[in-house]
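Each chain, letter by letter, is given below.
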Amino acid sequence: MIRRWLQRVMIGRYGPDQLNFAILIVAILLSLTASLTRLGLLSLLSYVLLFVCFFRMLSRKLAARRRENDRFLRYWWPIRTKLTNKARQLKDSRQYKYFKCPGCHCTLRVPRKKGTIQITCRKCGERFIKKT
């Protein structure tokens, strides 16, 4: 019953997206920080962000909200990609060693404990010698 009512309410509305999720996370973090530090300004800011989040979700201006999300993703995806790559490198650090190609600055992964080896970049063909 509640599900049908919510479906009827959301017809023609934008709904959640990546920007809304990011705003929600920031609002929750600000709220937690405000409760720990007892700063009313942070609490007020978290409520404003929650209002913005719900406003965007319930908005009927689909094109405007999509443009806002696209603009956000244009800046967020490169950051997310770098964070994911660093996390993967940290996870694989026992088995692999990572080097930057001196020619094209591409990151190359080499198995550890192979001694001094010649590494060839797949992207530009540059060859260099490193100790693993």
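Here goes a summary of the coordinates provided. (Residues numbered from 1 in each chain as written. Predicted model: local features only at pLDDT ≥ 70, side-chain atom pairs only at ≥ 80, totals over all residues. Heavy atoms only, no water.)

**Let's talk about the packing of aromatic side chains**
- Here the structure, examined in full by the defined rule, presents two aromatic pairs.
- Taking 6.3 Å as the distance between ring centres and 10 degrees as the angle between the ring planes, the aromatic pair formed by Phe-72 and Trp-76 counts as stacked. Residue Phe-72 and its partner Trp-76 are located together in helix 4 (residues 62–91), separated by four residues, close to a single helical turn.
- With relative accessibility at 21%, the residue Phe-72 sits in the partly exposed group.
- Residue classification places Trp-76 among the partly exposed residues on the basis of a relative accessible area of 33%.
- Directly above the aromatic system of Tyr-96 lies the positively charged group of Arg-109, at a separation of 3.9 Å from the ring centroid. (Phe/Tyr/Trp six-rings, centres within 6.5 Å; stacked < 30°, edge-to-face > 60°. Helix = DSSP H or I, 4+ residues; strand = E, 2+ residues; numbered from the N terminus. Buried < 20%, exposed > 50% of the residue type's maximum accessible area, 1.4 Å probe, protein only. Lys NZ or Arg CZ within 6 Å of the ring centre and 35° of its normal.)

**Quick word on the environment of Cys-121**
- With respect to the secondary-structure elements, Cys-121 resides in the loop between strand 3 (116–120) and strand 4 (127–131).
- Sequence-wise, Cys-121 and His-105 are 16 residues apart; in three dimensions their C-alpha atoms are separated by 9.5 Å.
- Not counting residues within four places of it along the chain, the set of residues in contact with Cys-121 comprises Cys-101, Cys-104, Cys-106, Leu-108 and Glu-126. (Contact = heavy atoms within 4.5 Å.)

**Thoughts on the pattern of salt bridges**
- The full count for this structure, using the stated rule, is four salt bridges.
- Between Glu-68 and Arg-56 there is a salt bridge whose closest N-O contact spans 2.9 Å. Pair noted here: Glu-68 is in helix 4 and Arg-56 is in helix 3 (residues 40–58), with a separation of 12 residues, a long-range link.
- On the accessibility criterion, Glu-68 (25% relative accessible area) is partly exposed. (Salt bridge = Lys/Arg side-chain N within 4 Å of Asp/Glu carboxyl O.)

**Remarks on unusual backbone geometry**
- Non-glycine residue Arg-38 carries a positive phi angle of around 60 degrees.
- Relative to the helices and strands, Arg-38 resides in the loop between helix 2 (18–37) and helix 3.
- By relative accessible area, Arg-38 is classed as exposed at 73%.
- A positive phi is found at His-105, a non-glycine position, where the angle reads about 65 degrees.
- The class of His-105 is exposed, set by a relative accessible area of 56%.

**A short note on the pairing of strand 2 (residues 107–111)**
- Only one face of strand 2 is covered, namely the one carrying Leu-108 and Val-110; the face carrying Thr-107, Arg-109 and Pro-111 has none of its residues buried.
- Bridge count for strand 1 (residues 96–100) against strand 2 is five bridges, and the pairing is antiparallel. When the bridges of strand 2 are listed, Lys-100 appears paired with Thr-107.
- Counted along the chain from strand 1 to the antiparallel partner strand 2, the turn is six residues long, and its residue His-105 has a positive phi close to 65 degrees. (Pairing = 2+ DSSP bridges.)

**Quick word on the packing of helix 2 against helix 4**
- Between helix 2 and helix 4, the shortest axis-to-axis distance is 8 Å and the interhelical angle comes to 70 degrees. By the angle between their axes, helix 2 is roughly perpendicular relative to helix 4. For the pair formed by helix 2 and helix 4, the contact residues are Gln-18, Leu-19 and Ala-22 on the first element and Glu-68, Asn-69, Phe-72 and Leu-73 on the second.
- Across the contact of helix 2 with helix 4, the residue classes break down as four nonpolar, two polar and one charged. (Axes fitted to C-alpha atoms, helices over the stretch in contact; angles between N-to-C directions. Parallel < 35°, antiparallel > 145°, perpendicular 65-115°, else oblique. Nonpolar A, V, L, I, M, F, W, Y, C, P; charged D, E, K, R; others polar.)

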